[in-house]
Amino acid sequence: ATSASLTLQDGQIKARRDAFTVSNIKAAIVLTHVDIQTGNGVILRAVAAQWGEMGRNGGNAVLTTHNQTLTGDFVTDVISSVAVSLQDGSKFTGKTTSNVDVTLDASSTWTLSDDTRVGKLTDAGLTGDSVPHIIGNGHTLSYDARHNPALGGKTYQLAGGGTLAPGNGL
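Residues numbered from 1 in each chain as written. Predicted model: local features only at pLDDT ≥ 70, side-chain atom pairs only at ≥ 80, totals over all residues. Heavy atoms only, no water.

(A) Local environment of the overall build of the chain. When helices and strands are tallied, the chain shows zero helices and 19 strands. Each of the three principal axes of the chain carries a C-alpha extent, and together these read 45 × 35 × 25 Å. Each of the 170 residues in the chain was classed as buried or not, and the buried ones make up 41%. For the chain, the share of sequence-separated contacts (at least 6 apart) that also reach a separation of at least 24 residues comes to 42%. Carbon together with sulfur atoms contributes 49% to the accessible area of the chain, which is approximately 8300 Å² in total. Side-chain charges of the chain comprise 12 positive and 14 negative groups, with the mean position of each set lying 5 Å from the other. (Helix = DSSP H or I, 4+ residues; strand = E, 2+ residues; numbered from the N terminus. Buried < 20%, exposed > 50% of the residue type's maximum accessible area, 1.4 Å probe, protein only. Contact = heavy atoms within 4.5 Å. Areas by Shrake-Rupley, 256 points an atom, 1.4 Å probe, with all protein chains shown as cover. Lys, Arg positive; Asp, Glu negative; His and termini not counted. Charge placed at Lys NZ, Arg CZ, Asp CG, Glu CD.)

(B) Broad picture of the side chain of Gln68. On the secondary structure map, Gln68 appears in the loop between strand 7 (60-66) and strand 8 (69-71). Looking at Gln68, the relative accessible area reads 0%, which means it is buried. Separated by 3.1 Å, the side chain of Gln68 and the backbone nitrogen of His33 make a polar contact. When near neighbours in sequence (up to four residues on either side) are disregarded, Gln68 contacts Leu31, Thr32, His33, Val34, Ile36, Ser90 and Lys91. (Polar contact = N/O pair within 3.5 Å; in protein donor to acceptor, adjacent residues only side chain to side chain.)

(C) Molecular detail of the sheet that holds strand 6 (residues 42-46). With parallel pairing, the three strands of this open sheet are ordered in space as 3-6-9. Strands at the two margins of the open sheet, each flanked by one partner only, are strand 3 (20-22) and strand 9 (73-76). With direction set aside, neighbouring strand axes in the sheet form an average angle of 10 degrees. By the bridge criterion, three bridges tie strand 3 to strand 6 in an arrangement that is parallel. (Pairing = 2+ DSSP bridges. Axes fitted to C-alpha atoms, helices over the stretch in contact; angles between N-to-C directions.)

(D) Summary view of the pattern of salt bridges. This model, assessed by the stated rule, comprises three salt bridges. Close ionic contact of Asp18 with Arg45 constitutes a salt bridge, the shortest N to O distance being 2.8 Å. In this pair, Asp18 is assigned in the loop between strand 2 (12-14) and strand 3 and Arg45 in strand 6, connecting sequence segments 27 residues apart. Of the residues examined, Arg45 reaches a relative accessible area of 24% and is grouped as partly exposed. Of the charged contacts, one joins Asp129 and Lys154 as a salt bridge, the two residues approaching to 3.3 Å between their closest N and O atoms. In this pair, Asp129 is assigned in the loop between strand 15 (121-123) and strand 16 (130-135) and Lys154 in the loop between strand 17 (140-143) and strand 18 (156-159), connecting sequence segments 25 residues apart. (Salt bridge = Lys/Arg side-chain N within 4 Å of Asp/Glu carboxyl O.)

(E) Main features of the packing of aromatic side chains. What the rule picks out here adds up to two aromatic pairs. Ring geometry for Phe74 and Phe92: centres 5.1 Å apart, planes at 75 degrees, overall edge-to-face. Here Phe74 is found in strand 9, whereas its partner Phe92 is found in strand 11 (residues 91-94), with 18 residues between them in sequence. Judged by its relative accessible area of 1%, Phe92 is buried. Ring geometry for Phe92 versus Trp110: centroids 5.3 Å apart, planes at 25 degrees, classification stacked. (Phe/Tyr/Trp six-rings, centres within 6.5 Å; stacked < 30°, edge-to-face > 60°.)

(F) The arrangement of the side chain of Thr65 in detail. Turning to its location among the elements, Thr65 is positioned in strand 7. Polar side-chain contacts of Thr65 include one of 2.8 Å to the side chain of Ser90. Filtering out sequence-adjacent residues up to four positions away, Thr65 remains in contact with Leu31, Leu70, Ser85, Leu86, Gln87 and Ser90.

(G) Local environment of the nonpolar core. Counting 35 residues, the largest nonpolar core has Leu44, Phe74 and Trp110 as its most contacted members. When near neighbours in sequence (up to four residues on either side) are disregarded, Trp110 contacts Phe92, Gly94, Thr96, Val102, Leu104, Thr116, Val118, Leu121, His133, Ile134, Ile135 and Leu141. (Core = buried A, V, L, I, M, F, W, Y, C linked by side-chain atoms within 4.5 Å.)

(H) Examining the sheet that holds strand 11 more closely. Taken in spatial order, the eight strands make up an open sheet running 8-11-13-16-18-19-17-14, and their pairing is mixed. Strands with a single pairing partner mark the edges of an open sheet, and in this sheet they are strand 8 and strand 14 (116-118). The average undirected angle you get between the axes of adjacent strands in this sheet is 30 degrees. Pairing of strand 8 with strand 11, which is carried by three bridges, proceeds in the parallel orientation. Bridge pairing in strand 11 places Leu70 opposite Phe92.

Shown next, in the form of structure tokens:
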């Protein structure tokens, strides 16, 4: 498959729609302290489109952030995927689909904007039954127990109310 990479440091992105769209390609994106404004609330969309062979033309994106603020959503279709790695004090506010894997280091946070679901969740701050780096705002973050054996099929309390719980979610 074709691949591409993009690294941005400082500066600003003002998008009329999605900040990033990935289709029929494997993309590696690294963001450090970039001001991102989306027209439709989508940070990154990975989907099949008109390019490539139908059924094999999904987008696969790996987004790594450093000291980055992200406000918006990560969206995929069934044949596409996104892996988000929040590092070095990054802050993400938004929701994801089940084909989005999220990794948080011990200094980064995710604030839920709605009930949402996640693919594989890796949180360096997970201790006991609490998840201090994910602020729930009373929402539920659903995970697939098969893709998250380390979570043990348990329900965890999120900071700020809400739960991380096994289930199909949205």
